[in-house]
Each structure stands twice: as structure tokens, then as C-alpha cells.
Amino acid sequence: MPRPEVLERITEAEEEADEIVAEAKEDREQRISEARKTAEEIREEAEKEATELEEKRLEEARAEIESEREELLAAGEQERKQLESRAQENVEDTKEFVLDRFKEAVHAQT
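Residues take numbers from 1 onward in each chain, read along the sequence in its written order. Local features are withheld for residues below a pLDDT of 70 in this predicted model, meaning they are given only at 70 or higher, and side-chain atom pairs are given and counted only at 80 or more; totals for whole chains, interfaces and linings count all residues. To get the side-chain values, all heavy atoms of the structure are used, and hydrogens and water are removed first.

(A) Spotlight on the overall build of the protein. Strands here mean DSSP runs of E at least two residues long; helices mean DSSP runs of H or I at least four residues long; both are numbered from the N terminus. Helices and strands together make up the secondary structure of the protein, namely one helix and zero strands. Note that the radius of gyration is over C-alpha atoms, with the globule rule given as 2.2 Å times the number of residues to the power 0.38. The C-alpha radius of gyration computed for the protein amounts to 47 Å, which surpasses the reference 13 Å derived for 110 residues by more than 25%, pointing to a less compact arrangement than a globule. For the protein, the spread of C-alpha atoms along the principal axes amounts to about 160 × 15 × 10 Å. Out of the 110 residues belonging to the protein, those deemed buried represent 0%. Only the protein chains shown count as cover for residues, with accessible areas throughout obtained via the Shrake-Rupley method and a probe of 1.4 Å. Counting every atom, the protein has about 10,600 Å² of accessible surface; 53% of that belongs to carbon and sulfur. In this tally, Asp and Glu contribute negative charge and Lys and Arg positive charge; neither His nor the terminal groups of the chain are included. Note that the charge is assigned to NZ on lysines, CZ on arginines, CG on aspartates and CD on glutamates. Here the protein holds 19 positive side-chain charges and 38 negative ones, and the gap between their average locations is 6 Å. We call a residue buried when its accessible area falls under 20% of the maximum for its residue type, exposed when it is over 50%, and partly exposed in between, using a 1.4 Å probe and counting protein chains only.

Structure below.
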């Protein structure tokens, strides 16, 4: 093979190698870009899910607190009624006691 042909083949092979390297670099950049885009989409979706979960848990906590509040209010109301009832009983007992004492005092003077 004459030298000019060898040089031409070497030049062609170098050009072909340069094209392969350029295509590989372009492919690599495209894959990196796609991977970054996918990673960003995953991150955004994860943030959205985390926000939704946070809101759901907050709503559940509020509902639980409201339920406990209602239970406490109901228990407090029940206790108030019991105290009121006992107080009313004490009023009646006190009236009877005072009346009995008064009658005793009146009888003692006569």
C-alpha cells in the first residue's frame, strides 16, 4: 500500500474516531440532562407527597384534638351537673337541718 493511501486511511480513521467520541460526548450530555430532569421530577413529586402527608397528618391531629376537647367538655358538663345536683341536695338537707334547729330552739324556749 502506498504511503498516501496509508495516510489517507489513518486520517479517515482519526476522523471516524473523532466523530465517535463527539457522538459519545453528545450522548453522555443528553443522558446526564435526562437524568437531571428525571431527578428533579422525582424531587418535586416527593416534595408534593410530603406536603400532602403533612397536611393530612395535621388535619388528623386537629380532628383528634377536637374529639378530645369535646370529650373533656362533655365530662366537665357531666361533673358540673353532678356537683349541682349534690349542692341542691345539700341545700335541701341544710334547710331541714336549720328548720329542725329552729324548732328545737323554739320548743326549748317554751
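(B) Local environment of the environment of glutamate 60. Structurally, the position occupied by glutamate 60 is in helix H1 (residues 3-109). Considering only alpha carbons, one finds glutamate 60 and valine 6, 54 residues apart in sequence, at a separation of 79 Å.

(C) Structural view of a negative patch on the surface. Put simply, a patch holds well-exposed residues, over 30% relative accessible area, that have no salt bridge, with like charges counted together within 9 Å and Val, Leu, Ile, Met, Phe, Trp or Tyr side chains within 5 Å. Throughout this description, the term salt bridge denotes a Lys or Arg side-chain nitrogen within 4 Å of a carboxyl oxygen of Asp or Glu. Together, Glu5, Glu8, Glu12, Glu14, Glu15, Glu16, Asp18, Glu19, Glu23 and Glu26 make up a region of like negative charge exposed at the surface. When you line up the elements, aspartate 18 lands in helix H1. Among the residues examined, aspartate 18 registers a relative accessible area of 52% and is labelled exposed.

(D) Region of interest: a nonpolar patch on the surface. Among the surface-exposed residues, Val6, Leu7 and Ile10 lie close enough to one another that they form a single nonpolar patch of about 250 Å² accessible area. Here leucine 7 shows up in helix H1. Exposure remark for leucine 7: the relative accessible area of 55% places this residue in the exposed category.

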